[in-house]
Amino acid sequence: MHAVGLYGENGAGIAEKLNQLERIDVIEGTLAKAYGLIGGYIAGDRNLVDAIRSYAPGFIFTTSLPPSIAAGAYKSIEYLQHSDVERKMMHDNVNIIKNRLNSLQLPLIKNNSHIIPILVGDPVTTKKVTDQLLSEFNIYVQPINYPTVRKGTERLRITASPFHKKHDIDHLVNSLDIIWKDMKISRAA
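Before going into details, it helps to say that this report is about the structure given with it. What you are looking at is a predicted structure, and each value in this text was computed from that prediction instead of being measured.

**Considering the pattern of salt bridges**
Moving on, step 1. Tallied over the entire structure, the rule returns eight salt bridges.
Moving on, step 2. Salt-bridge contacts for Lys-127 lead to Asp-131; the nearest nitrogen and oxygen are separated by 2.6 Å. One end of the pair, Lys-127, and the other, Asp-131, are both in helix 6 (residues 123-137), four residues apart, so they sit about a helical turn from each other.
Moving on, step 3. Judged by its relative accessible area of 37%, Asp-131 falls in the partly exposed class.
Moving on, step 4. Asp-177 is paired through a salt bridge with Lys-181; the nearest N and O atoms lie 3.2 Å apart. Of this pair, Asp-177 and Lys-181 are both found in helix 7 (residues 166-183), four residues apart, which corresponds to roughly one turn of the helix.
Moving on, step 5. Each of Arg-100, Lys-166 and Asp-170 takes part in salt bridges that share partners, so that together they form one network.

**Regarding the sheet that holds strand 3 (residues 115-119)**
Where strands meet in a sheet, backbone hydrogen bonds hold them as pairs that are either parallel or antiparallel.
Moving on, step 1. Ordered by their spatial adjacency, three strands build an open sheet running 3-5-4, and the pairing between neighbours is antiparallel. Two strands close off the open sheet at either side, each with one partner strand: strand 3 and strand 4 (142-144). Across the sheet, the axes of successive neighbouring strands diverge by a mean angle of 30°, strand direction being ignored.
Moving on, step 2. Both strand 3 and strand 5 (residues 155-159) contribute to a ladder of five bridges, which runs antiparallel. Within strand 5, the position partnered with Ile-118 by the bridge is Leu-156.
Moving on, step 3. Of the strands in this sheet, strand 3 and strand 5 are in contact with helix 5 (residues 85-103), which crosses strand 3 at around 15°.
Moving on, step 4. Helix-sheet contacts for helix 6 involve strand 4 and strand 5, and the interaxial angle to strand 5 is about 40°.

**Looking at a nonpolar patch on the surface**
Moving on, step 1. On the surface, Val-26, Ile-42, Leu-48 and Ile-52 cluster together into a nonpolar patch covering about 250 Å² of accessible area.
Moving on, step 2. Looking at the secondary structure, you find Ile-52 in helix 2 (residues 46-55).

**What about helix 7?**
Moving on, step 1. Relative to the 26 Å expected for 18 residues at 1.5 Å per residue, helix 7 spans 26 Å between its end C-alpha atoms, a close match to the ideal helical length.
Moving on, step 2. On its buried face, helix 7 is in contact with helix 5, strand 3, helix 6 and strand 5.
Moving on, step 3. Lys-184 lies just past helix 7 and shows a positive phi near 55°.

**Some words on the packing of aromatic side chains**
Moving on, step 1. Under the criterion given, the structure shown has zero aromatic pairs.
Moving on, step 2. A cation sits over an aromatic face here: Lys-151 above Tyr-146, 4.7 Å from the ring centre.

**Notes on the environment of Leu-37**
Moving on, step 1. Mapped onto the elements of the fold, Leu-37 is located in the loop between strand 1 (26-30) and strand 2 (40-44).
Moving on, step 2. Distance from Leu-37 to Ile-109, taken between C-alpha atoms, is 28 Å for residues 72 residues apart in sequence.
Moving on, step 3. Beyond its immediate chain neighbours, meaning those up to four positions away, Leu-37 contacts Leu-31, Ala-32, Ile-69, Gly-72, Ala-73 and Ser-76.

**Concerning the nonpolar core**
One broad trend across soluble globular proteins is that nonpolar side chains are buried collectively.
Moving on, step 1. Counting residues in each nonpolar core, the largest one holds 27 residues, and the members touching the most others are Leu-101, Ile-118, Leu-133, Leu-156, Ile-158, Leu-176 and Trp-180.
Moving on, step 2. Counting residues per element, the ones that place at least two in this core are helix 5, strand 3, helix 6, strand 5 and helix 7.
Moving on, step 3. Ranked by residues supplied to this core, first place goes to helix 7 with six residues.
Moving on, step 4. Residues in contact with Trp-180, not counting those within four places in the same chain, are Leu-106, Pro-107, Ile-118, Leu-119, Val-120, Val-129, Leu-156, Ile-185, Ser-186 and Arg-187.
Moving on, step 5. Ranked by size, the runner-up nonpolar core spans five residues in total, among them Leu-31, Tyr-35, Ala-73 and Leu-80.

Calculation rules
Residues numbered from 1 in each chain as written. Predicted model: local features only at pLDDT ≥ 70, side-chain atom pairs only at ≥ 80, totals over all residues. Heavy atoms only, no water. Salt bridge = Lys/Arg side-chain N within 4 Å of Asp/Glu carboxyl O. Helix = DSSP H or I, 4+ residues; strand = E, 2+ residues; numbered from the N terminus. Buried < 20%, exposed > 50% of the residue type's maximum accessible area, 1.4 Å probe, protein only. Pairing = 2+ DSSP bridges. Axes fitted to C-alpha atoms, helices over the stretch in contact; angles between N-to-C directions. Contact = heavy atoms within 4.5 Å. Patch = residues over 30% accessible without salt bridge, like charges linked within 9 Å, V, L, I, M, F, W, Y side chains within 5 Å. Areas by Shrake-Rupley, 256 points an atom, 1.4 Å probe, with all protein chains shown as cover. Expected span 1.5 Å × (residues − 1). Phe/Tyr/Trp six-rings, centres within 6.5 Å; stacked < 30°, edge-to-face > 60°. Lys NZ or Arg CZ within 6 Å of the ring centre and 35° of its normal. Core = buried A, V, L, I, M, F, W, Y, C linked by side-chain atoms within 4.5 Å.

If you want it as C-alpha cells, here you go:
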C-alpha cells in the first residue's frame, strides 16, 4: 500500500522491486504518500475487482475520485515511472535518519522500509512525545498506538521525504534526543 512510487525501477512498489509483479493477483495502492494526492486503488483481474467492489461495504458507499484528483494521480504516476531522483533522495534521507538515530541509541525497530518506527512502549508517553515534538519543536510525528500495534509496542512513525534537508534532519534528531533525555525514556541496549 505505502510502497507505490517509492520502490522499484518504475515506482510500482515492493512487488516490482522483488520482481514479483506477475505473481500478484490484486495490487492495492494509495494515491497519497509518493503521489501527493488522496484516495487509493486496487488493480487486478476484472472479475476479482468487480467482486470486491460489490461486497466491500466501505467501498460501496464511497464516491469516485474527483476528476482533478484522477488527473493529478495520472500525472504523478506518469512522472514517477520515469524519474527515480525522488526515490533515491527519499531512501538517502531514510538511511541518514536511521543512522543518526542509531548513533544516539534511540530504540529503532529494525526494518527494510522507508517508515522509521521508534519504540516508546507506552501509549501515554508516546502521546506526550508527539505532543512535545509539535508544541516545542514544530515537528508533526504520527503516534502509533493499540489497536494498530500490540500493547507495549507503541511507537513513533517517522516518514522522511525526498525534500527534507540536512537542517530538517538535524532538527528532528536533536529534538528527539532532547525529549528522550527530558522524559528519561529507555534507549536501545
